[in-house]
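Architecture at a glance
What follows is the residue order along each chain.
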Amino acid sequence: MTALVINHAASRGPSSEHPHEHRPAVPDTAPSRERVAMPPVTVNSVTISRKAIAAEVQNFPARNPGLGWRAATRALVIRELLLQEARRLDVGVEQKTDEDGRQETVEDAQVRGLIEREVRVPEADEETLRRFYDNNLHRFVTPSLYEADHILIGARRDESEAFAAAREKALSLRSALAVAPERFAALAQDCSDCPSGAIGGSLGQIGPGDTTPEFEAALINLAPGDMSPPVETRYGFHLIRLTRRIDGRQLPFEAVRKRIAAYLTEHVNRQATAQYVSLLVGRADICGIDLDGSSSPLVQ
């Protein structure tokens, strides 16, 4: 697969073949150090210190310092509520160790133990699993695959004259290929700025996420044998020819049953935990921040 087409930016950073590639500035979401004016926060008369909130803010980056501060405060209030309940119920502590040998703290173990003990999560039965599968068939299809060739006329968007010239060259090649499509491989060898040009522009078999979004959008709209107009990406202009499409196939229920069960268990567990926290909030005396809560049991 050629580095000029494949979109590796998410996993490996800028390609070494494009050291000067222009990328948009990344928004600064670092938490602000500006001091936020908020009243003292207590949970059942236990104070959440400003020092603790300031330390927690780093986990809630936001442009608005007030939003970050409130998010951090909310997280600490909920944690304190769970710890108080764990101590009230005398939840046993059994610290676990992860694969890297890191042991959870006593407080983390208390919170986990409380949730495991108090939050009831029903297990989905076979009928529920099957119904979810039948109602979401589109989620259980293998991705379509494509066999395609391309010609790349390399150019950078920040070099306007060269970029315009590349567009004109791509249009000219497209016109020539409309008359003589059998020349595609030869023109790829002569004109393409992608290493795939050496093999007639062949990209082999590619699937979702293997190329840039613009390239993929153009590719999926082609029928086998069709060639695209010039497609603009951050690398320049591409002429894409689809040679074969392998449509995705429906996965049988048995192949995805465990995946569905895990998804539903996680989904229900999140809901039940949120309801349990809401119940604790409704019973607690919390000052300095408003949290939604309930005075009636929500966990069934």
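Since this is a predicted model, take the numbers as computed values, not measurements.

A closer look at the pattern of salt bridges
Tallied over the full model, the rule gives 19 salt bridges. Ionic pairing is found between Glu159 and Arg156, a salt bridge with its closest N-O pair at 3.7 Å. By relative accessible area, which is 37% here, Glu159 ends up partly exposed. Counted as one network, the salt bridges with shared partners bring together Arg79, Arg87, Glu107 and Asp108.

With respect to helix α4 (residues 106-118)
It helps to recall that an α-helix has 3.6 residues per turn; residues three or four apart then point in one direction. Counted at 1.5 Å a residue, the expected span for α4 with its 13 residues is 18 Å, and the 18 Å between its end C-alpha atoms agrees. Among all positions of α4, only Ala109, Gln110, Val111, Gly113, Leu114 and Ile115 are buried. On the buried face of α4, the contacting elements are α3 (65-88) and α9 (253-283).

Brief notes about the packing of α3 against α4
Axis separation between α3 and α4 bottoms out at 9 Å; the angle between their running directions is 75°. The angle between α3 and α4 places the two elements in the roughly perpendicular class. Side by side, α3 and α4 meet where Arg79, Leu82, Leu83, Glu85, Ala86 and Arg87 of the first sit next to Glu107, Asp108, Gln110, Val111, Leu114 and Ile115 of the second. Of the residues that constitute the contact of α3 with α4, the class distribution is 6 nonpolar, 1 polar and 5 charged.

Comments concerning the sheet that holds strand β6 (residues 236-246)
Strands sit in the order β4-β3-β6-β5 across an open sheet of 4 strands; the sheet is antiparallel. Lying at the two open borders of the sheet, with one neighbouring strand each, are β4 (202-206) and β5 (231-233). With direction set aside, neighbouring strand axes in the sheet form an average angle of 40°. Across 3 bridges, strand β3 (residues 145-154) lies against β4 in antiparallel orientation.

About the thresholds
- Residues numbered from 1 in each chain as written.
- Predicted model: local features only at pLDDT ≥ 70, side-chain atom pairs only at ≥ 80, totals over all residues.
- Heavy atoms only, no water.
- Salt bridge = Lys/Arg side-chain N within 4 Å of Asp/Glu carboxyl O.
- Buried < 20%, exposed > 50% of the residue type's maximum accessible area, 1.4 Å probe, protein only.
- Helix = DSSP H or I, 4+ residues; strand = E, 2+ residues; numbered from the N terminus.
- Expected span 1.5 Å × (residues − 1).
- Contact = heavy atoms within 4.5 Å.
- Axes fitted to C-alpha atoms, helices over the stretch in contact; angles between N-to-C directions.
- Parallel < 35°, antiparallel > 145°, perpendicular 65-115°, else oblique.
- Nonpolar A, V, L, I, M, F, W, Y, C, P; charged D, E, K, R; others polar.
- Pairing = 2+ DSSP bridges.

Keep in mind that these numbers describe shape and distance, not what the molecule does.
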